[in-house]
Amino acid sequence: MAQEAVGRVGRTLVVSALRQVTEQLRVALAKGEALPSAFDDPGLVREAVALVDALSSASLKPVFNLTGTVLHTNLGRALLPEVAINAVNAVMTRACTLEYALDGGERGERDEHVEALICRLTGAEAATVVNNNAAAVLLCLSALAAGREVIVSRGELVEIGGAFRIPDVMQSAGSVLREVGTTNRTHLRDYENAINDATAALMKVHPSNYAIVGFSRSVTEAELAPLAKARKLPLITDLGSGSLVDMAALGLPAEPTPAQTLAAGADIVTFSGDKLLGGPQCGFIVGRADLVERIRRHPLKRALRLDKMTLAALHAVLTLYLDPDTLVQRLPTLRMLTRQRSSMHAQGQRLLPLVADLLRGMAAVDLADCESQIGSGSLPIDRLPSVALRLRPLAGEPVQALAARLRQTTIPLIGRIHADCLWLDLRCLEQDEEFLAQLAQLGSQRSKPA
Ligand SMILES: *Cc1c(COP(=O)(O)O)cnc(C)c1O
């Protein structure tokens with residue numbers, strides 16, 4: 001057993017784990033404590049191997065996202081297309097032109113690998129990319145508004161999941177938040193009245209995960225732009241998701257695009273790479289060339305820059321956007337978001353008898369209509385009609401216990417608990433055979449002694 005562990009992880013770790021276990025044993029003996037039965041001879045080795053396994057086995061691993069939330073932040077958001085994976089592979093296994101211009105054989109700029117594509121897809125004069133959209137906002141404010149005021153509507157002081165809050169980011173950047181308007185209504189004159197000598201910028205923030213309905217009013221970029229221009233202040237918009245295509249044309253809830261926002265008069269727009277865009281985690285800063293240049297020269301840019309793997313993946317994803325006719329089929333995020341209920345229903349019909357058979361004696365299974373969510377800061381009220389395999393545990397087993405067992409398979413199956421059932425939303429399921437193979441493990445799990 002110890003020899004086998006040496007084969008897997010090497011001698012150093014196994015020896016250190018054995019020492020750790022014998023040390024525990026020595027301390028217990030010295031104190032005159034009763035020894036746990038694990039400390040008989042093979043038990044000792046088993047204990048050491050358990051330590052080795054805990055340290056060496058990956059906790060970051062693939063799962064099946066059957067939650068119905070397509071861009072699930074905790075499950076890694078967008079899935080990358082094949083072309084992006086190949087591109088990452090290529091730059092990982094060989095030296096690459098990350099900051100090298102082949103023409104002159106001299107130093108190059110890493111942004112240049114994607115800037116022209118981003119400009120083409122957004123209509124921007126210039127673009128730069130950083131680690132994520134939170135970093136993009138932080139960098140913009142640091143470069144354009146440190147020590148000065150930024151005017152934001154009270155209705156747009158949002159908190160996105162994972163502790164991204166506009167007032168806190170503002171503070172980190174050394175800018176002073178100047179709130180205007182009220183929670184439900186902000187007018188152009190509110191911005192106008194707040195402008196003073198200390199003002200550095202006007203900012204708009206996409207409310208992303210919440211909506212103010214009823215008696216409400218916000219000021220659009222098109223309305224704000226003339227004011228910003230007259231006062232020579234940059235208008236910055238944090239767009240959040242920032243789809244590069246017209247979502248409504250795909251039958252999905254409408255989202256403003258960076259191109260529309262720039263055309264409406266925003267000077268700088270920021271958005272995420274791994275939300276609706278369907279790419280790797282990154283954040284875009286697009287807009288006026290002089291402002292992008294100031295942002296790029298800020299020292300924080302170096303700390304927030306992209307690595308070669310992300311750049312390679314991003315370039316590959318952006319090239320898919322050049323061919324709108326094949327985009328939806330080739331980009332997993334859009335492919336999954338645009339699946340029709342009939343497609344999940346047909347898939348469910350195929351899977352149902354097989355799943356019911358694999359779960360015989362454990363759960364009753366049927367097909368049920370449900371609703372998926374886009375996720376990642378998209379409105380929770382916008383739902384996509386979907387279909388789920390609905391598992392109802394048998395023999396009085398709590399549904400939490402069934403859900404826990406599905407999380408113990410080689411590629412864990414993550415569903416959603418609702419009304420005493422475990423719902424496996426089929427929208428993001430594209431590997432039926434592998435999925436069934438996981439369920440097949442449940443039978444053997446059960447027959448193992450506890
Ligand atoms: C999601 C979101 C962010 C944070 O983007 P990340 O890419 O997750 O860092 C910032 N602002 C808005 C409006 C968002 O929706």
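Just above, that's the structure.
Please read these numbers as outputs of a predicted model, since none were measured by experiment.

Thresholds applied
The numbering scheme is per chain: residues are counted from 1 as the chain's sequence reads. pLDDT decides what is reported in this predicted model: residues at 70 or higher carry local features, side-chain atom pairs at 80 or more are listed and counted, and totals for whole chains, interfaces and linings draw on all residues regardless. Side-chain calculation: all heavy atoms of the structure are included, whereas hydrogens and water are not. As a rule, the C-alpha atoms of each element are fitted with a line to give its axis, helices using only the stretch in contact, and angles between N-to-C directions run from 0 to 180 degrees. Helix and strand assignments come from DSSP, with helices taken as H or I runs of at least 4 residues and strands as E runs of at least 2, each series counted from the N terminus. The cut-offs work like this: below 35 degrees is roughly parallel, past 145 is roughly antiparallel, 65 to 115 is roughly perpendicular, and the gaps in between are oblique. Every residue pair with non-hydrogen atoms within 4.5 Å of one another is taken to be in contact. In this count, Pro and Cys sit with the nonpolar residues alongside Ala, Val, Leu, Ile, Met, Phe, Trp and Tyr, while Asp, Glu, Lys and Arg are called charged and the others, Gly among them, polar. In this analysis the probe radius is 1.4 Å and the grid spacing 1 Å, with only protein atoms considered; a cavity is a set of points the probe fits into but cannot get out of, a pocket is an open set with protein on both sides within 12 Å along at least five of seven lines, and lining residues have an atom within 4 Å of a point. Grid points are joined across faces, edges and corners, and a volume is the space filled by probe spheres set on the points. By the convention used here, strands pair only if DSSP detects at least 2 bridges between them. By convention in these notes, a residue is near a molecule or strand provided one of its non-hydrogen atoms lies within 4 Å of it. Polar contacts here mean pairs of N or O atoms no more than 3.5 Å apart (in protein, one a potential hydrogen donor and the other a potential acceptor; neighbouring residues in sequence count only if both atoms are side-chain atoms). Only the protein chains shown count as cover for residues, with accessible areas throughout obtained via the Shrake-Rupley method and a probe of 1.4 Å. Only protein chains enter the area calculation, which uses a 1.4 Å probe; residues under 20% of their type maximum are buried, those over 50% are exposed, and those in between are partly exposed. Between 30 and 60 degrees the pair is tilted, below 30 it is stacked and above 60 it is edge-to-face, where a pair is any two Phe, Tyr or Trp rings, Trp via its six-membered ring, whose centres lie within 6.5 Å. Salt bridges are identified by distance alone: a Lys or Arg side-chain nitrogen within 4 Å of an Asp or Glu carboxyl oxygen.

Participant: Can you walk me through the packing of helix α6 (residues 133-145) against helix α11 (residues 289-297) in this structure?
Facilitator: When two helices pack together, their arrangement is given by the angle between their axes and by how far apart the axes lie. Two numbers describe how α6 lies on α11: the axes approach to 9 Å, and their chain directions differ by 100 degrees. Of the possible angle classes, the one that applies to α6 and α11 is roughly perpendicular. Taken together, the residues of α11 that come into contact with α6 (itself represented by L139, C140, A143 and L144) are L291, R294 and I295. When its residues are assigned to classes, the contact of α6 with α11 shows 6 nonpolar, no polar and 1 charged.

Participant: Just checking my understanding: could you explain the layout of surface pockets for this structure?
Facilitator: Regions of empty space are outlined by a rolling probe, equal in size to a water molecule, passed over the atoms. When its volume is computed, the largest pocket comes out at roughly 980 Å³. Forming the boundary of the largest pocket are 29 residues, of which P62, V63, L75, A78 and L79 lie nearest the centre. Breaking the lining of the largest pocket down by element, the ones donating at least two residues are β1 (64-65) and α15 (332-337). Tallying contributions element by element places α15 first for the lining of the largest pocket, with 4 residues.

Participant: Could you clarify how one ought to interpret the sheet that holds strand β14 (residues 383-393) in this entry?
Facilitator: For sheets, the rule is that strands pair by backbone hydrogen bonds, running either parallel or antiparallel. Taken together, 4 strands build an open sheet; the order of strands is β13-β14-β17-β16 and the sheet is antiparallel. Two strands close off the open sheet at either side, each with one partner strand: β13 (363-373) and β16 (416-418). Taken pair by pair, the neighbouring strands of this sheet meet at an average axis angle of 35 degrees, ignoring direction. Where β14 meets strand β17 (residues 421-425), 4 bridges bridge the pair, whose relative direction is antiparallel. Within β17, the position partnered with L389 by the bridge is L424. Packed onto the sheet, helix α17 (residues 399-406) meets β13, β14, β16 and β17 and runs at close to 40 degrees relative to β17.

Participant: Help me out: how do you make sense of the site of the ligand in this one?
Facilitator: Taken together, the residues surrounding the ligand are R77, N132, N133, A134, I160, F164, H206, S208, D238, G240, S272 and K275. Contact between the ligand and A134: an oxygen atom at 2.9 Å from a main-chain N or O atom of the residue. A distance of 2.6 Å separates an oxygen atom of the ligand from a polar side-chain atom of S208. Surface burial for the ligand is 94%, taken as the share of its 380 Å² of free accessible area covered by protein chains. If you list the elements that add at least two residues to the shell around the ligand, you get α6 and β10 (235-240). Residues belonging to the shell around the ligand are distributed by class as follows: 3 nonpolar, 6 polar and 3 charged.

Participant: When you look at the side chain of E115 in this model, what are you seeing that I'm missing?
Facilitator: With respect to the helices, strands and loops of the structure, E115 is situated in helix α5 (residues 112-122). With relative accessibility at 17%, the residue E115 sits in the buried group. Of note is the side chain of E115, whose polar atom sits 3.2 Å from the side chain of R296. With residues near it in sequence (within four places) discarded, E115 still touches A126, A127 and R296.

Participant: What's the story with the packing of aromatic side chains in this structure? I'm lost.
Facilitator: Remark: the centre distance and the inter-plane angle together describe each pair of aromatic rings, the angle taken between the planes. Within the structure shown, the criterion is met by 2 aromatic pairs. Measuring from centroid to centroid gives 6.2 Å for F64 and F435, while their planes differ by 70 degrees, and the two rings are edge-to-face. On the criterion of sequence distance, the pair formed by F64 in strand β1 and F435 in helix α18 (residues 432-447) is long-range, its members being 371 residues apart. Overall, F64 belongs to the buried group, its relative accessible area being 5%. Taking the relative accessible area as the measure of exposure, F435 reaches 0% and is therefore buried. Between the aromatic rings of F271 and F284, the centroid separation amounts to 4.5 Å while the plane-to-plane angle is 5 degrees, which identifies the pairing as stacked. Taken together, the residues span a long stretch of sequence, with F271 in strand β11 (residues 268-272) and F284 in strand β12 (residues 283-287) at a distance of 13 residues. Overall, F271 belongs to the buried group, its relative accessible area being 1%.

Participant: Would you explain the sheet that holds strand β4 (residues 126-130) in this entry?
Facilitator: If you walk across this open sheet you meet the 7 strands as β4-β12-β11-β10-β9-β5-β8, and the pairing is mixed. Every interior strand has two partners, whereas the edge strands, β4 and β8 (176-180), have only one. Along the sheet, successive strands turn relative to each other by an average axial angle of 25 degrees, direction set aside. Note: β11 against β12, 5 bridges, orientation antiparallel. Directly across from S272, in β12, lies its bridge partner G283. Contacting β4, β11 and β12, α5 crosses the sheet at an angle of about 115 degrees to β4.

Participant: Sorry, what's going on with unusual backbone geometry here?
Facilitator: Phi is positive for K232, which is not a glycine, with a value near 55 degrees. Inspection of the secondary structure assignment puts K232 in the loop between α9 (221-230) and β10. Accessibility expressed as a relative area gives 74% for K232, which makes it exposed. Backbone geometry at D420 places phi at a positive 65 degrees, although glycine is not the residue there. Tracing the sequence through the fold places D420 in the loop between β16 and β17. Residue D420 is classed as exposed on the basis of its relative accessible area of 58%.

Participant: Got a minute to help me understand the pattern of salt bridges in this structure?
Facilitator: Side chains that differ in sign of charge can pair as their charged atoms come close. Summed over all chains, the structure comprises 26 salt bridges. In this structure, D111 engages R296 in a salt bridge whose closest nitrogen and oxygen atoms are separated by 3.1 Å. Within this pair, whereas D111 is found in the loop between β3 (106-107) and α5, its partner R296 is found in helix α11, the two being separated by 185 residues in sequence. A single burial state applies to D111 and to R296, both of which are buried. For the salt bridge of D366 with R390, the shortest nitrogen-to-oxygen distance reads 2.7 Å.

Any link to function would need more than the numbers given here.
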